[in-house]
Amino acid sequence: MFNGQTILITGASSGIGEALARRFARDGAHLALVARRADRLETLAKELAGKAAGAIVIRADLLDADSIPRVIDEACRATGRIDVLVNNAGVGEYGEFASQDVAALERMLQLNMTAMIRLTHAILPDMIARRSGRVLNIASTAAFQATPYMAVYGATKAFVRNWSLALWRELELSGVSVTCVCPGPVKTEFFDRGGYQERRGEFTRLACSADWMAEKAYRAVARGRVLSTPGFVNWLGAWLTRFGDAKLVTRVSAKILGPR
Ligand SMILES: NC(=O)c1ccc[n+]([C@@H]2O[C@H](COP(=O)([O-])OP(=O)(O)OC[C@H]3O[C@@H](n4cnc5c(N)ncnc54)[C@H](OP(=O)(O)O)[C@@H]3O)[C@@H](O)[C@H]2O)c1
């Protein structure tokens, strides 16, 4: 499906991004792997040599606005264009809002929203001019309701979901597709940072693997789906939020996410 195409994946050094790189490699795509931990990306690129058409490592901190043009330049080197942009890099700060570190929250806002906007805004004009391209944004089931104790994280994911939907509509006749995938819990390094220590086991007990989620995200973008919430329980939970009173839904969300 993506043979010979260039796929730019942010956050490819672990978790869902790394699994997506492996999935796209099976199609013989060119991969542009972006993250801060270049050693991880180098190891992945070596593993994928022979499967992917090529894999280049782009060490970048996406909080730095100056990194965006360099990331795009380097990603375009193989084929002169980016066919699929995967906006996956993200972090999730956990805790009671009033006692959270505001600097960490600001970094999360920058990464989960601003970096995604900057990268997409810089790449889209070329896709529109070619009347071809795909954007895959990774949101979360946290996008469907307020998430007490992950208050700011959930709001960033609601932003990603709403922005993706609006972008899909604006680009509907342009030849460029926009797909937003909303994963539920996935066993990745996500829960190693962001203050989950005490709840890690509980949050990951029913979590799926990164490979499973990546396969679902791959299929969603391949089919040009607009919104995808993989997994029946995740889908049902997201669907049910439509019918509950907002305060009730938020109380249930707090029961699930709050301290024991
Ligand atoms: N795991 C879950 O349960 C879950 C559920 C719903 C949604 N999601 C979403 O899925 C996406 C991927 O998360 P994951 O679960 O795969 O977590 P992960 O294993 O922690 O991966 C996060 C990725 O983001 C990269 N990253 C973090 N800060 C960065 C920065 N400043 N610049 C560039 N890259 C940066 C990390 O690479 P470096 O540290 O090397 O830079 C890493 O590759 C996120 O958007 C997350 O919100 C995850």
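Attention in this report is confined to the structure presented alongside it. Model, not experiment: these values are computed from the prediction.

Analysis parameters
Residues numbered from 1 in each chain as written. Predicted model: local features only at pLDDT ≥ 70, side-chain atom pairs only at ≥ 80, totals over all residues. Heavy atoms only, no water. Near = heavy atom within 4 Å. Polar contact = N/O pair within 3.5 Å; in protein donor to acceptor, adjacent residues only side chain to side chain. Areas by Shrake-Rupley, 256 points an atom, 1.4 Å probe, with all protein chains shown as cover. Helix = DSSP H or I, 4+ residues; strand = E, 2+ residues; numbered from the N terminus. Nonpolar A, V, L, I, M, F, W, Y, C, P; charged D, E, K, R; others polar. 1 Å grid on protein atoms, 1.4 Å probe; cavity = no way out; pocket = protein on both sides within 12 Å on 5 of 7 lines; lining within 4 Å. Points joined across faces, edges and corners; volume = space filled by probe spheres on them. Axes fitted to C-alpha atoms, helices over the stretch in contact; angles between N-to-C directions. Parallel < 35°, antiparallel > 145°, perpendicular 65-115°, else oblique. Left-handed = near helix turned anticlockwise from the far one by under 90°. Contact = heavy atoms within 4.5 Å. Salt bridge = Lys/Arg side-chain N within 4 Å of Asp/Glu carboxyl O. Buried < 20%, exposed > 50% of the residue type's maximum accessible area, 1.4 Å probe, protein only.

Below, the discussion takes up the site of the ligand. The immediate surroundings of the ligand are formed by 31 residues, with Arg 36, Arg 37, Asn 88, Tyr 153 and Thr 188 found nearest. At 2.9 Å, a side-chain N or O of Lys 157 approaches an oxygen atom of the ligand. In this structure, an oxygen atom belonging to the ligand sits 2.6 Å away from a side-chain N or O atom of Thr 188. Relative to its unbound accessible surface of 880 Å², the ligand loses 98% to contact with the protein. Secondary structure elements with two or more residues in the shell around the ligand: helix H1 (15–25) and helix H5 (151–170). When grouped by side-chain class, the residues that make up the shell around the ligand number 16 nonpolar, nine polar and six charged.

To continue, consider empty space enclosed by the protein. As enumerated under the stated definition, the model contains one cavity of 30 Å³ or more in all. In this structure, the largest cavity spans a volume of roughly 50 Å³. Every residue lining the largest cavity is listed: Thr 10, Leu 62, Asn 87, Asn 88, Ala 89, Leu 111, Ala 115, Met 116 and Leu 119.

A few words on the packing of H1 against helix H7 (residues 210–222). Direction vectors running N to C along H1 and H7 enclose 60 degrees, while the axes themselves pass 8 Å from each other. Classified by the interaxial angle, the pair formed by H1 and H7 is oblique. For the pair H1 and H7, the crossing hand works out as right-handed. In contact with Gly 15, Ile 16, Ala 19, Leu 20, Arg 23 and Phe 24 of H1, H7 contributes Ala 210, Asp 211, Met 213, Ala 214, Glu 215, Ala 217, Tyr 218 and Val 221. Here the residues of the contact of H1 with H7 sort into ten nonpolar, one polar and three charged.

Two side chains with opposite charge may pair up if their charged atoms get near one another. Counting across every chain of the model gives 14 salt bridges. Here Glu 189 ties to Arg 40 by a salt bridge, and the two come within 2.9 Å at their closest N and O atoms. Highlighted residues: Glu 189 in the loop between strand E7 (186–187) and helix H6 (200–204) and Arg 40 in helix H2 (residues 38–48), separated in sequence by 149 residues. Overall, Arg 40 belongs to the partly exposed group, its relative accessible area being 32%. Two residues, Arg 130 and Asp 83, come together in a salt bridge whose shortest N-O distance is 3.7 Å. Of the two residues, Arg 130 is situated in helix H4 (residues 102–130) and Asp 83 in the loop between helix H3 (67–76) and strand E4 (84–87); the sequence distance between them amounts to 47 residues.

Shape is all these values report; function is a separate question.
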